[in-house]
There are 2 protein chains.
Amino acid sequence: MVLDRLKQIASQVTNTISPPHPLDPLSSLEIETATSLLRKEQGQLYYNAVTLLEPPKAQLLPWLSDPDHTEKPHRIADIVAITPEGKVMDGHVSLTEAKVLSWEHTPGVQPLITMEDLQIVEHVVRKDSKVIEQCRIIGIPAEDMHKVYCDPWTIGYDERFGNSVRLQQALMYYRPHPDNSQYTYPLDFCPIYDSNKQEIIHIDVPKIRRPVNQAPPNDYTVKSIQESIGYRTDIKPIDITQPEGVSFTVKGRTIEWQNWSVHVGFNYREGIVLNNITYFDKAENAVRPVFYRLSLAEMVVPYGNPERPHQRKHAFDLGEYGGGYMTNSLSLGCDCKGSIHYMDAEFVNRAGAAQVIKNAICIHEEDAGILFKHTDFRDDSVIVTRGRKLIISHIFTAANYEYCVYWIFHQDGAVQLEIKLTGILNTYAMNPGEDTKGWGTEVYPGVNAHNHQHLFCLRIDPNIDGPNNTIFQVDAAQGPGEVGSEENYYGNAFYAKKTKFTNPVEAMSDYDGSTSRTWEMCNENKLNPYSKKPVSYKLVSREVPALLPKKDSLVWKRAGFARHAVHVTKYSDGDFYPAGRHVPQTSGEPSRGLPEWIEANPTENIANTDVVLWHTFGITHFPSPEDYPVMPAEPMTLLLRPRNFFVRNPCLDVPPSYARTPAEVAAGKSGCGCGKDNVSKLV
Amino acid sequence: MVLDRLKQIASQVTNTISPPHPLDPLSSLEIETATSLLRKEQGQLYYNAVTLLEPPKAQLLPWLSDPDHTEKPHRIADIVAITPEGKVMDGHVSLTEAKVLSWEHTPGVQPLITMEDLQIVEHVVRKDSKVIEQCRIIGIPAEDMHKVYCDPWTIGYDERFGNSVRLQQALMYYRPHPDNSQYTYPLDFCPIYDSNKQEIIHIDVPKIRRPVNQAPPNDYTVKSIQESIGYRTDIKPIDITQPEGVSFTVKGRTIEWQNWSVHVGFNYREGIVLNNITYFDKAENAVRPVFYRLSLAEMVVPYGNPERPHQRKHAFDLGEYGGGYMTNSLSLGCDCKGSIHYMDAEFVNRAGAAQVIKNAICIHEEDAGILFKHTDFRDDSVIVTRGRKLIISHIFTAANYEYCVYWIFHQDGAVQLEIKLTGILNTYAMNPGEDTKGWGTEVYPGVNAHNHQHLFCLRIDPNIDGPNNTIFQVDAAQGPGEVGSEENYYGNAFYAKKTKFTNPVEAMSDYDGSTSRTWEMCNENKLNPYSKKPVSYKLVSREVPALLPKKDSLVWKRAGFARHAVHVTKYSDGDFYPAGRHVPQTSGEPSRGLPEWIEANPTENIANTDVVLWHTFGITHFPSPEDYPVMPAEPMTLLLRPRNFFVRNPCLDVPPSYARTPAEVAAGKSGCGCGKDNVSKLV
């Protein structure tokens, strides 16, 4: 751990002196340079975001391929701020030239809700007389207002209030004791909070009142477990150690590991952003580009209870709060094992100062079980090779829920995205005997957890041996010819049916589990020398529910990206956010982001050009009592797998744990490799 | 390791003295007792299988619930043998009473092909003059016949030969050197082998001939890697150790771990069989039954090339060869890390003697990452708890392919089945420039790997708080009412639509990815006290391709179980094999196993009674060069998750890695737990 820490400090020092990679997030120094420049010109501002404006691809690609002989793109800060009068401002500040490049008022939008915006609300609701009155009605006396809590959410969109005023809705809770889980005591009313005035402007009160829950606490604190069921005492330790350190190298924010190279970016919104992902292919003796950029670009969590005001519960956790802003400092909870390399995250605060989340990103390796194995049944000659994976992860807390995001690199050329959902269900009050009507589940007496979906939008900017790529939909299909016909006598013919997407409208495609549908990102200009098929990476994703809110519904309009499993657009600098740049309080008329871009140019060519694939995946969650009071992590995963990209299995050169050939068996010779690890004896 | 070995020896000794559990596989002693009894009565026999006849459930359930006061069911051997005249005999021998209970000729069937049956073929083909002639034609001189190899497969079904003669088809290969991968040198003809006569009775020769491949070898041996690309030298060791040993206990073949109890059976056919799976629920202070029996009961691997004789490639790897018989001895290749408990497998050989596969089953624990986590955004109070899993696994080699089967138990009550596919693609010859016609991929010059599916049939005998269970299909569905209607004004209503299966015909159901379809195994007689929903386990399986061979095709007829993702039948003793008891050379007319049982009683009640759920899942594989010459493991997984089974998260009592409450944060107190492991400091 000390060595890791020293390494980390050293890398930070290096970062400070040497000029940063054009895709490095803004440093604290850069953030404060930007805000001080603006302060001089614009006076006081409430900062919402100060983040890297990623350089145009046309500028960056030449630099990436030859950094020593190419002018480095300028460092530019992309800024969102609110004036003291409540005007939303968007602007760019050049850090290289130390000047404000643009500064404009954007009317009719609301930028995301920051953690600071959220933190204030609870203090306001506790003092608001209308809230105090509502609390009294359901059984909380005024002197207990310090026991009242709220999870402030963006308002989504409420047609009564539109988007000219910056609003939040306060989901209300009660805690008998500060350490009790508030989610057992949801309150039945919902105050609306004006972020600019910092006051409650309205309260949504249901027709049927629900007095505060009288059930005993349902807690997961150490004290509550010790005093009730007690802790398990039969778990013996598993020690995972890396006595020789990690197998990856870190240069700035570029990680090199097992032929992979990846630049690890991070921003307030998407959290981890992986750039310039390449694989060194020994067979070609070349560094081959795979992805220009990978990120979780957006998500939406629609809840399925149609009763007002629950329709407002459909958080866009990235676009409305920021997956980066909500990131956990992993120094506050030990989340990984082995030798960990951490990276911090630097953001602006409301006042314009930089602030740091320590250990925001975790980079570590894990054993990955069998990488490949084969035994010859004739003689038990065998090869067995263990795999290893590299995991770049962060965890963010969106009020009640936690999202653990793991970007996983494999030795066989696959990239995996795994997300674990944990944390706490959003809950609402219910009276004894009240019918959930199927919109939720009583997970504990008086606690109604509503049905919901978690729909994530993965933004894939492929760079499969270059930027000109084509997306194909691939379905497993029966061959032509009926049973008994000459061409298909035994009826067993089947093949991969490939549908080429030539424009964004064609490319709006849904998932089909029965055909094992996948999508291939191909470079049609380069064929695999053996298979004669284009080099490609395949998106293999199996957790792809349909968006359940109906066509033309509020969520359908606001979350255009979630209408289909896949959208494809022509690459355009700055098209990062599939539900739009400013998401809170959008009405969905028009639908921002993807629908807007596609409508603008529905027949634009997307074949053999620079394209972006947007993939919506996730789960539908019908809660049950075992998800409460804190949810066991529910995993979901998808893979990006090389197909026809390599001429052979690219990990044959990983030292085997054990290998013995037929000739060795015949000669009575022992095999090579070792019993415990795949490194020591062989090399 | 020494300690483990000693423990293992001790457990074996215990096993020998104390009477075995009624579900323990037959011991070597029992196997040889059965065959010696039969030898006395029947003379010489060629044994195909001598395995435990599992006791009738009505007999076993009382014993399981009160073994001390219930008569133990008799030990009975279930036997398949072939007489020297080639007659197939089925019989039962009571080991308890030392007598033959039944002994009958079963006409018109062929029992599975054993490893011994397979081993002989290669020696026969090398000496067969017709094979030598075919080899000569495609460029292999007679003096090189020792370089000719074959993977003998069951013939599937070939209408020219029917099922009265016991046949195999010999998929032919060539090795320039014994250590070269033969799959780079597939031969274009296919001899048919008579197992009883031990001779070649026919050769299928294609119209277009394909001389033996002239491409250089494509190998994965240590020598070939060292002499070409060289091994990676940058993988540092990850040491996984369990200094205090494992967290499970083994009593006979019953494993107890983290509230789970499971009996680990094993047979020649299904491999691992898990019986009497229970969970000790602290909240109820009771051992709760979950599953009576779990196993992989069958599988089929149809290939998609319609050209004769490739339609014959649709191996039923369990029913035609036996997943147990093909199991790897894990002492011949180190496949797991940490402290391992192994179990051996004991089988009969052809002559009637017992033989042992050492270390056939691996039982070990692994770290499972975050089990649950929540951070309060107000004050960074946090809990983070690491998970652990128990893995019971075996690996079997079906000629070219390997199947790694992992039964995984989780602390949150979930049971996971993970299968990794690795090994080598089945390959066929192709001429330079020949068109694969989309039925395969040229993965290396001259090597055509055909499209195929791996379809597994998971047999689930649920016992959710008792044997009387009901299966529901669950689909995520939009609520009624159009957008703008009073009942669904915002169009966001959605719910879990449950369809109850009351008879086996209704229960034949397919997968629907768009509704996130799952199936729930419920006990309608017991409601969760909070949610008022029946206690249940949910089958969550997302790799569920449709069977691609057409309706009424050969494979469709033979593999009736693969026509639907789910079948449900009423429990009946002995209904174990969904494609029938004797699978090789079945014509599919009639379809054996599931279709037969369902047709016999299509409207039988399956609600609130003892039922079996049969689930077919798998993958469709369109090969690519990176799968060759040995495939990086391709994982696939499914989950059995408790829903409304527990009253709360059942793993809250796993000691956290770190926990700090709001009151502790407010008081400036540190949290508890420790930085590295979830055991030491807390308890």
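- Looking up chain A in an unreviewed UniProt entry gives the name Amine oxidase, with the organism given as Knufia fluminis.
- A UniProt comment under Subunit (unreviewed entry) is attached to chain A, and it reads "Homodimer."

**Considerations on the domain arrangement of chain A**
- According to the domain assignment, chain A consists of domain 1 (2–100), domain 2 (115–218) and domain 3 (249–349 + 397–482 + 491–643).
- Put simply, the middle of domain 1 of chain A and the middle of domain 2 of chain A, counted by C-alpha atoms, are 38 Å apart.

**As for the UniProt feature "domain: Copper amine oxidase N3-terminal" (unreviewed entry) in chain A**
- The feature "domain: Copper amine oxidase N3-terminal" (unreviewed entry), as annotated in UniProt, sits at residues 111–212 of chain A in this numbering.
- Helix makes up 22% of residues 111–212 of chain A and strand makes up 25%, while its end C-alpha atoms are separated by 34 Å.

**Digging into the sheet that holds strand β8 (residues 199–204) of chain A**
Residues and elements named next belong to chain A.
- Judged by pairing direction, the sheet is antiparallel, and its 4 strands sit side by side in the order β5-β6-β7-β8 without closing on themselves. Only two strands of the sheet have a single neighbouring strand rather than two, namely β5 (148–154) and β8. Across the sheet, the mean angle separating the axes of adjacent strands is 35 degrees when strand polarity is ignored.
- Pairing analysis gives 3 bridges linking strand β6 (residues 167–174) to strand β7 (residues 190–194), with the strands arranged antiparallel. Paired with L167 across the strands is D194, a residue of β7.
- Helix α4 (residues 115–127) rests against β5, β6, β7 and β8 of the sheet, and its axis sits at about 135 degrees to β5.

**Some thoughts on the pattern of salt bridges**
- The full count for this structure, using the stated rule, is 90 salt bridges over all chains.
- The salt bridge partner of R136 of chain A is E133 of chain A, with a shortest N-O separation of 2.9 Å. Of this pair, R136 of chain A and E133 of chain A both sit in helix α5 (residues 129–137), 3 residues apart, roughly one helical turn.
- Since its relative accessible area comes to 35%, E133 of chain A is described here as partly exposed.
- Because the salt bridges share partners, they merge into one network encompassing E122, R126, D151 and R175 of chain A together with D376 and R378 of chain B.

**Brief notes about the relation of the copies chain A and chain B**
- You can overlay chain A on chain B at an RMSD of 0.0 Å; the transform is a turn of 180 degrees with a shift of 0.0 Å along its axis. Taken together, the rotation and translation describe the operation of a two-fold axis.
- Both copies contact each other with a shared surface, as 100% of the interface residues of chain A are interface residues in chain B too.

**So, the interface of chain A and chain B**
- With 190 residues of chain A at the interface, the matching set in chain B holds 190 residues.
- By the criterion of area lost to chain B, the three top residues of chain A are R232, Y490 and F494 of chain A, representing 7% of everything that side buries.
- Where chain A packs against chain B, one counts 18 salt bridges.
- With a shortest N-O distance of 2.6 Å, R378 of chain A and E122 of chain B are connected by a salt bridge.
- The tally of links between chain A and chain B comes to 107 residue pairs in polar contact (both at pLDDT 80 or more).
- In terms of residue count, strand β17 (residues 354–375) of chain A provides more of the side of chain A that touches chain B than any other element does, 11 residues in total.

Cut-offs applied
- Once a new chain begins, its residue numbering starts again from 1 and follows that chain's sequence as written.
- Chains carry letters from A onward and ligands carry numbers from 1 onward, assigned in written order.
- Local features in this predicted model are restricted to residues of pLDDT 70 or higher, and side-chain atom pairs are both shown and tallied only at a pLDDT of 80 or more, whereas totals for entire chains, interfaces and linings draw on every residue.
- Side-chain metrics rest on all non-hydrogen atoms present in the structure, leaving aside hydrogens and water.
- UniProt positions are given in the numbering used here, feature names are shortened, and annotations may be inferred rather than shown by experiment.
- For the domains described, the bounds stem from an automatic or database domain assignment.
- What counts as a helix is a DSSP run of H or I of at least four residues, what counts as a strand is a run of E of at least two, and both are numbered from the N terminus.
- When DSSP locates at least two bridges between a pair of strands, those strands are taken to pair.
- Where helices are involved, their axes are fitted lines through C-alpha atoms of the stretch in contact, as for all axes, and angles between N-to-C directions lie from 0 to 180°.
- Residues count as neighbours in contact if any of their non-hydrogen atoms are within 4.5 Å of one another.
- Whenever Lys or Arg places a side-chain nitrogen within 4 Å of a carboxyl oxygen from Asp or Glu, that contact is recorded as a salt bridge.
- A 1.4 Å probe rolled over the protein chains alone gives each residue an accessible area, and that area as a share of the maximum for its type sets the label: buried under 20%, exposed over 50%, partly exposed in between.
- Least-squares superposition of the copies uses the C-alpha atoms of those residues scoring a pLDDT of at least 70 in each of them.
- For any pair of parts, buried area is found by adding up, for both, the accessible area (1.4 Å probe) each one loses once the two are put together.
- Polar contact is defined as a pair of N or O atoms within 3.5 Å, subject to the rule that within protein one atom must be able to donate a hydrogen and the other to accept it, and that residues adjacent in sequence are counted only when both atoms are side-chain atoms.

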